[in-house]
Number of protein chains: 2
Amino acid sequence: MNRPATIADVARLAGWSIATVSRHVNGAGKVSPEAAAAIQRSIEELGYVPSASARGLVSQQTGMIGLVLPAVRDESPVVESNNLVEYDAQTATQIAEVCHSYQNDIIRGAESAAWEIGHAITIAAVRDPEANSRVRDMASRVDGLVVVGDAVEANLLTHLARRVPVVLVDSTRHESIHDYVDSADAVGAGLLAQHLVEEHGVTQLVFVAGTSLTAVERRCFTVLERLGATLLQVSDATASEPEVVAALVQRREDTGRLGLVCSSDELGVRVLRLAEQAGLSVPDDAAITGFDDCRIGRAAKPRLTSVRQAPLDLGALAVEALQRRLSNPQSEPQHYEVPITVVVRESCGAHSTSPPVSA
Amino acid sequence: MNRPATIADVARLAGWSIATVSRHVNGAGKVSPEAAAAIQRSIEELGYVPSASARGLVSQQTGMIGLVLPAVRDESPVVESNNLVEYDAQTATQIAEVCHSYQNDIIRGAESAAWEIGHAITIAAVRDPEANSRVRDMASRVDGLVVVGDAVEANLLTHLARRVPVVLVDSTRHESIHDYVDSADAVGAGLLAQHLVEEHGVTQLVFVAGTSLTAVERRCFTVLERLGATLLQVSDATASEPEVVAALVQRREDTGRLGLVCSSDELGVRVLRLAEQAGLSVPDDAAITGFDDCRIGRAAKPRLTSVRQAPLDLGALAVEALQRRLSNPQSEPQHYEVPITVVVRESCGAHSTSPPVSA
DNA sequence: TTGAAAGCGCTACCAT
DNA sequence: ATGGTAGCGCTTTCAA
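Residues numbered from 1 in each chain as written. Chains lettered and ligands numbered in written order. Predicted model: local features only at pLDDT ≥ 70, side-chain atom pairs only at ≥ 80, totals over all residues. Heavy atoms only, no water.

1. Focus on the pairing of strand 1 (residues 64-70) of chain B
Residue and element names in this part refer to chain B. Of all 7 residues making up strand 1, 6 are buried, and the element is well covered by its neighbours. Pairing of strand 1 with strand 3 (residues 120-126), which is carried by 7 bridges, proceeds in the parallel orientation. Counterpart to Ile-65 in the pairing with strand 3 is Ile-121. In this sheet, strand 4 (residues 144-148) lies alongside strand 1 in parallel orientation, the contact comprising 4 bridges. Bridge pairing links Ile-65 to Gly-144 in strand 4. (Buried < 20%, exposed > 50% of the residue type's maximum accessible area, 1.4 Å probe, protein only. Helix = DSSP H or I, 4+ residues; strand = E, 2+ residues; numbered from the N terminus. Pairing = 2+ DSSP bridges.)

2. A look at the UniProt feature "domain: HTH lacI-type" (unreviewed entry) in chain A
Residues annotated in UniProt with the feature "domain: HTH lacI-type" (unreviewed entry) correspond here to residues 5-59 of chain A. Helix makes up 71% of residues 5-59 of chain A and strand 0%, with an end-to-end C-alpha separation of 21 Å. (UniProt positions renumbered as here; feature names shortened; annotations may be inferred.)

3. As for the pattern of salt bridges
All names here are of chain A. Under the criterion given, the structure shown has 30 salt bridges over all chains. The partner of Asp-185 in a salt bridge is Arg-219, with the nearest N and O atoms 3.4 Å apart. Here Asp-185 is found in helix 8 (residues 185-200), whereas its partner Arg-219 is found in helix 9 (residues 215-226), with 34 residues between them in sequence. Of the charged contacts, one joins Arg-273 and Glu-241 as a salt bridge, the two residues approaching to 3.5 Å between their closest N and O atoms. A residue pair is termed long-range when its members are at least 10 positions apart, and Arg-273 in helix 11 (residues 265-277) and Glu-241 in helix 10 (residues 241-255) qualify at 32 residues. For Glu-241, a relative accessible area of 6% translates into the label buried. Sharing partners across several salt bridges, the network here consists of Arg-3, Asp-9 and Arg-12. (Salt bridge = Lys/Arg side-chain N within 4 Å of Asp/Glu carboxyl O.)

4. Examining the protein's contact with DNA strand D
Not every one of the 23 residues close to DNA strand D is listed here, only the nearest: A:Lys30, A:Ser32, B:Ile7, B:Tyr48 and B:Arg55. Backbone atoms, meaning sugar and phosphate, form 69% of the atoms of DNA strand D found within 4 Å of the protein. At 2.7 Å, a side-chain N or O of B:Arg55 approaches a phosphate oxygen of DNA strand D. Mapped onto the surface near DNA strand D, the elements with two or more residues apiece are helix 2 (18-26) and helix 4 (52-59) of chain A together with helix 2 (18-26) and helix 4 (52-59) of chain B. By residue number, the principal contributor to the surface near DNA strand D is helix 2 of chain B, which donates 4 residues. (Near = heavy atom within 4 Å. Polar contact = N/O pair within 3.5 Å; in protein donor to acceptor, adjacent residues only side chain to side chain.)

5. Describing unusual backbone geometry
For the bond running from A:Val282 to A:Pro283, omega is 10°, close enough to zero to count as cis. Along the polypeptide, A:Pro283 turns up in the loop between helix 11 and strand 10 (286-289). Of note in the backbone geometry, A:Asp170 takes a positive phi value of approximately 50° without being a glycine. As for its position among the elements, A:Asp170 is in the loop between strand 5 (166-169) and strand 6 (179-183). In this structure, B:Gln60 is a non-glycine residue whose phi angle is positive, near 65°. Here B:Gln60 shows up in the loop between helix 4 and strand 1.

6. Focus on the domain arrangement of chain A
Domain annotation for chain A reports domain 1 (7-59), domain 2 (64-183 + 311-338) and domain 3 (185-309 + 342-357). Relative to domain 3 of chain A, the C-alpha centre of domain 1 of chain A lies at a distance of 63 Å. (Domains from an automatic or database assignment.)

7. With respect to the sheet that holds strand 10 of chain A
Residue and element names in this part refer to chain A. Here we have 4 strands laid out as an open sheet, ordered 8-7-9-10, and parallel in their pairing. Looking along the sheet, the strands with just one partner apiece sit at the ends: strand 8 (230-233) and strand 10. With strand direction ignored, the average angle separating the axes of adjacent strands in the sheet is 25°. With 4 bridges joining them, strand 9 (residues 258-262) and strand 10 adopt parallel strand pairing. (Axes fitted to C-alpha atoms, helices over the stretch in contact; angles between N-to-C directions.)

Right, here's the structure in full:
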């Protein structure tokens, strides 16, 4: 690995001009067969690879798309002594895994879509929203930026947006000056509710969530509320579970067949257990559904009906949005939504053999 | 988003020379406070971000590290009608998920390590080993290449290596002309065996693998063989399972307490079931261990003792290797190994309350 | 401390 | 079809 060969080296060795080499390499313009042959030979010989920097400099584009993700911090289990460890899976680890697979899908979706349009992607996991230099640096080497979640400060974002187009993904505080992509989660909640009511004769919808609602959860509840759903908030603490059990019993008595729409599969599994404690049979007394279609829900005892929001598509759509913006810089900021899918399983009353039902 | 501001724009607006702006931005050389202030102001005003291409061109380095991964193709479940689907988890999907989380960890490890040394990373999932242009392109925009698995043809690799240093990760056909990183999997197998024999009184070690051994598996078996292990190959087909059951019964009768070292957690779980069918109690008649420490093993009935090879560290180590190479281009190609960890659980005879044991 | 200017490797335009 | 050449935006001498 000496000084890497340049186009000039190739030209000299081949006995043709730099311009001709450039044309040959880019397949632009006509190049005589003899020239092409000679040039190709010296390319091989010298191991020539054109410099992306030089190309980018003259063409004013880098051929790269940047993906900024919020870093997920995961607790690693304590390692006890050299090479041997006693391991216990922990909640924190599980949550981290869910986030990882989510981000992983976004990355892969973006990578694939970027590849389709001839771009490479570069990624940065941002630990700290004030870590500006990181994002700045990235902005300098890409044609466009996909920012997932709230990894980046709003004002930095606007600064960067003056240089490269920015597409937000699943941001909670998305401002309308940027293009924005998320899943149609509220639509999913609605579909789910509709399914429960129409197909499984649920008479009372209940939206089950944590003690404080996230933006997504609020949106979902808004939709569900219109369909007559009530809200049941479950704290993280195990201590408060008896209350929840009581509430479930209560509602069952008051209103007949329950449809418990939980805001995550994790929560859904927990509610499954609580319903059992409440003496409710699932799905007969209470149909229970999750959200996000994680493995945990697929492994649950009555498998959990859930809403799948393909993060793969999220990533891909973000890249497509970027491409549109790139080719049409002046148009209004747009909002894209990736469609969701309701995955019907036993926890809502479907029989494993029953055919799928349409919306 | 007009034409992005250049250093010249900043200089003009600030009323100082290009050179001074450059020095201010890079913190190199002395710049008077007044100059700094004026320059900083116009940077903000113009939303100036220095062009990585231009920088790269002059400095002859891109500040990027490329990560090439073999694409994992996963079967997506058939979607049945609009937005509703009946889902069944499939083996193919499970395998894909394992690969994904493995690759995901490598990416995150690499990203993090790269960040430490001031580099960004770019990734390419290569669908087809002959997709040369993709990798070529990447080679043109990075300071170094990390190639995972057998994603890239050997001869292309050597071509590229003339331009950028290449570090191989988990390649089966790694040639000694490149730096190379993998896990100490064979060491792990050895440690596992040792643990089984010394701590749990296993009298007969059996290495359980698929019908054709991968390179890793061969390495592991080589080690185990020295410790007296025999080989038991299990085909993917369920049909042949009775034979395996018979084999297990046979060996148990012949040689006393069995130590079944399986080449993956998936296989381990399967063997768990087969041992049960064979009427063997686990871990009393047969201690069973997996490999790779996946979720499936942690969820198994007697939780599976396994060997964890932190792919996070793989990625990080690869980047470190690259950095060494970058700062010392002439040294001999090196082989790096990330240490493994034996995770002791019930399937080998450990009590969940028992303290961890040292090697 | 500052500024002028020579490239870095490449593309694209203009002659030929 | 081919070659000469003017930049692209930046860093880095070298003088001042």
